[in-house]
Amino acid sequence: MTFALHGLAVSSGIAIGRAHLVSHATLEVAQYVLRDRDVPGEVTRLKAAFDAVRKEFATLRGEAGTPGAPSELVAFVDIHAMILADPMLEEAAGAAIQERRCNAEWALAQQMDLLVAQFDEFEDVYLRERKHDIVQVVERVLKALLGKPRKLSKRKGDEELIIVAHDLSPADTIQFKSLKIGGFVTDLGGATSHTAIVARSLAIPAVVGLHHARPLVRDDDLLIIDGRRGVLIVNPDERILEEYRLRKSGQELERSKLKRLKTARSATLDDVEIQLMANIELPQDIEQVREVDAGGVGLFRTEFLFMNRDELPGEDEQFEAYRAVAKALPGKPVTVRTLDVGADKTARAIRGAERIEANPALGLRAIRYCLTEPQIFLAQLRAILRASHYGHIRMLIPMLAHASEIDQTLTLIEQAKMQLRDDRLKFDEGIEIGGMIEIPAAALALGPFIKRLDFLSIGTNDLTQYTLAIDRTDEAVAHLYDPLHPAVLRLVHLTIQTSAKAGVPVAVCGEMAGDPDMTRLLIGMGLREFSMHPSQILTVKQQVLKCDAAELNTRVGRLLRLDEPERLREHLARLDD
Ligand code: PEP
Ligand code: MG
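Residues numbered from 1 in each chain as written. Chains lettered and ligands numbered in written order. Predicted model: local features only at pLDDT ≥ 70, side-chain atom pairs only at ≥ 80, totals over all residues. Heavy atoms only, no water.

A. Quick peek at the overall build of the protein chain. For the protein chain, the helix and strand inventory stands at 25 helices and 16 strands. Here the C-alpha atoms of the protein chain give a radius of gyration of 25 Å, agreeing with the 25 Å that 2.2 N^0.38 yields for 577 residues. Projected onto the principal axes, the alpha-carbon positions of the protein chain cover approximately 80 × 65 × 45 Å. Looking at the protein chain as a whole, 52% of its 577 residues are labelled buried. Residue pairs at least 24 apart in sequence account for 69% of intrachain contacts in the protein chain once pairs closer than 6 positions are excluded. Carbon and sulfur atoms provide 53% of the accessible area of the protein chain, an area that totals close to 25,600 Å². Charged side chains of the protein chain number 73 positive and 85 negative; the gap between the two group centres comes to 4 Å. (Helix = DSSP H or I, 4+ residues; strand = E, 2+ residues; numbered from the N terminus. Rg over C-alpha atoms; globule rule 2.2 N^0.38 Å. Buried < 20%, exposed > 50% of the residue type's maximum accessible area, 1.4 Å probe, protein only. Contact = heavy atoms within 4.5 Å. Areas by Shrake-Rupley, 256 points an atom, 1.4 Å probe, with all protein chains shown as cover. Lys, Arg positive; Asp, Glu negative; His and termini not counted. Charge placed at Lys NZ, Arg CZ, Asp CG, Glu CD.)

So, in structure tokens, the structure goes:
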């Protein structure tokens, strides 16, 4: 049966492919009561699933011992095999099936919760973190129980793979960079959550906030994602399929035409130069940056280097990563943002992550976290400074609100410089230090930022979240998340104007910068530097080439005096005339 679900459009384009349901064990396990006569069969089914996973581990263990295999793999497989053998799992789940007549999946998920709770009690961070291994092992057994031990990368012909999940963390999503994924949909999530941001950086269609996709869609269902309209079509008929195939090839044609703009100078009709920079998450994204000949990197979200791993990346590893980006873009600025961990960006290698989770968006996030962990911060500062010797690196500090935070940060940067001098390691003595303006307090009291920093970058994603008190990851309030709210626009305008008067360069690096419907508005506000996903650069350049900056300045001045969002939107639409 064909049906459609509507959610939030977060990454445009059309994907046509087969559903692959991603399971989060605790959330999606069904519960039902068995008839007495079915109980022994259920225990056997549980045992068969454990046997299957034991076999998988034996194969993995064999592969792990071969030359060239990563050494951590042996330890990893051994720990997982040990967890699998723990009587708290198989035996206790078997007993629960018999005592409570519940299904095997449910019995196992309950045991997992018990074990995870026990591990949560450990003082020792290492032991506490092993709870993630328990979850991974249980997910394997659940997959065996549900009878779908499939690998993500194996598809028939050129069919695309579409991930369907209840929710995906930014850490989950970043892993798609190394897999060939056609697109993804989730039931939860907001349009500027970091999961959505990663989807845009991957340039794959995605829709979030669908509410019921995970329970309604089945594995291998044929799906169409319309990323522009925020629609998921399940099991489309031939007519709909044909229409979308046509639209998809139309969009591909448009995109290939845009490539012609790669070498065009980014300037308005009245010859005002507009810098179009790229946002990246990992060094490998540099390929895309070069493909569109961006002016440099305006935002390197370094926290993604810290995700999906048990140990923090050391100073040397970070240095290599930052240097690789700087060397790949000779002569162009590379803006490395210091660790912005917390809120939806969690990394299990970060000690004290549980503290960050208490009230995440308002809690110990980004620079607040770094200032409480000077050793982790200093290692990153030294790595960035060392890389600055190999190119034009700038350093950007996220989530600043207080003058004292700027001072403490600058003191630590000085300390890192002194340590490098003592070690006779080279760095750019004149490295520029910038601050992100993403908290209303910073935009309203810009003085200390302008006095103490070399450049500013407006993070409109967080600025919108904190101005309107809307959690950017929560689809329940997503309809109220509005970067065009007059209050947000006034803060952006104020920051641009105040910085321009003081002669301090300012950029916008939030999602607003990559939205071609906002290009005219931002140029009219006086913005001259934009930073966005590489995939958006040519689309925005196309808009820049059609703008008259002086004329827009007058028209946007009038627009900013409007208080009614609807009238503001009408005026915005007319900026195109
Ligand atoms: C922002 O808040 O606008 C921003 C660019 O930073 P992030 O999206 O990583 O929070
Ligand atoms: Mg931010």
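There is more to say after this.
B. Summary view of empty space enclosed by the protein. One pass over the structure, following the stated rule, counts 2 cavities of 30 Å³ or more. Estimates place the volume of the largest cavity at around 60 Å³. Considering the residues around the largest cavity, the lining is formed by 14 residues, among which R301, R337, E438, N461 and D462 are closest to the centre. Looking at the lining of the largest cavity residue by residue, the class counts come to 3 nonpolar, 4 polar and 7 charged. (1 Å grid on protein atoms, 1.4 Å probe; cavity = no way out; pocket = protein on both sides within 12 Å on 5 of 7 lines; lining within 4 Å. Points joined across faces, edges and corners; volume = space filled by probe spheres on them. Nonpolar A, V, L, I, M, F, W, Y, C, P; charged D, E, K, R; others polar.)

C. Structural view of the packing of aromatic side chains. Under the definition given, this model contains 3 aromatic pairs. When the ring of F300 is compared with that of Y322, the centres are 5.8 Å apart and the planes differ by 85°; the resulting orientation is edge-to-face. Of this pair, F300 sits in strand β10 (residues 297-301) while Y322 sits in helix α13 (residues 315-328); the two residues are 22 residues apart in sequence, bridging distant segments of the chain. Y322 carries the same exposure label as F300, and that label is buried. Taking NZ or CZ as reference, R323 lies 5.0 Å from the ring centre of Y390, over its face. (Phe/Tyr/Trp six-rings, centres within 6.5 Å; stacked < 30°, edge-to-face > 60°. Lys NZ or Arg CZ within 6 Å of the ring centre and 35° of its normal.)

D. Geometry of the site of ligand 1. The local shell around ligand 1 holds 17 residues, among which R301, R337, G459, N461 and R472 are the closest. Interatomic distance of 2.7 Å between a side-chain N/O atom of R301 and an oxygen atom of ligand 1. The separation between an oxygen atom of ligand 1 and a polar side-chain atom of R365 is 3.1 Å. Protein chains bury 100% of the 290 Å² of accessible surface belonging to ligand 1 in isolation. Structurally, ligand 1 is housed in the largest cavity. (Near = heavy atom within 4 Å. Polar contact = N/O pair within 3.5 Å; in protein donor to acceptor, adjacent residues only side chain to side chain. Sits in = over half its atoms within 2 Å of the grid points.)

E. Representation of the domain arrangement of the protein chain in the model. In terms of domains, the protein chain is made up of domain 1 (24-146), domain 2 (160-257) and domain 3 (260-574). The straight-line distance from the C-alpha centre of domain 1 to that of domain 3 is 42 Å. (Domains from an automatic or database assignment.)

F. Representation of the coordination of the magnesium ion (ligand 2) within the structure. Note on the magnesium ion (ligand 2): its protein donors are E438 (OE) and D462 (OD). The metal-donor distances range over 2.0 to 2.2 Å. Placement of the pair is E438 in the loop between β13 (433-437) and α18 (440-444) and D462 in helix α20 (residues 460-468), with a sequence separation of 24 residues. Classification of E438 by relative accessible area gives buried; the value is 2%. Using a relative accessible area of 3% as the deciding quantity, one classes D462 as buried. (Donors = N, O, S within 2.8 Å, 3.2 Å for Na, K, Ca; no water.)

G. The arrangement of α13 in detail. Here α13 contains 14 residues, and its C-alpha end-to-end distance of 20 Å stays within 8% of the 20 Å for a straight helix at 1.5 Å per residue. Those residues of α13 not exposed but buried are E315, Q318, F319, A321, Y322, V325, A326 and A328. Buried residues along α13 sit in contact with β9 (275-280), α12 (286-291), β10, β11 (333-337), α16 (374-387) and β12 (392-397). (Expected span 1.5 Å × (residues − 1).)

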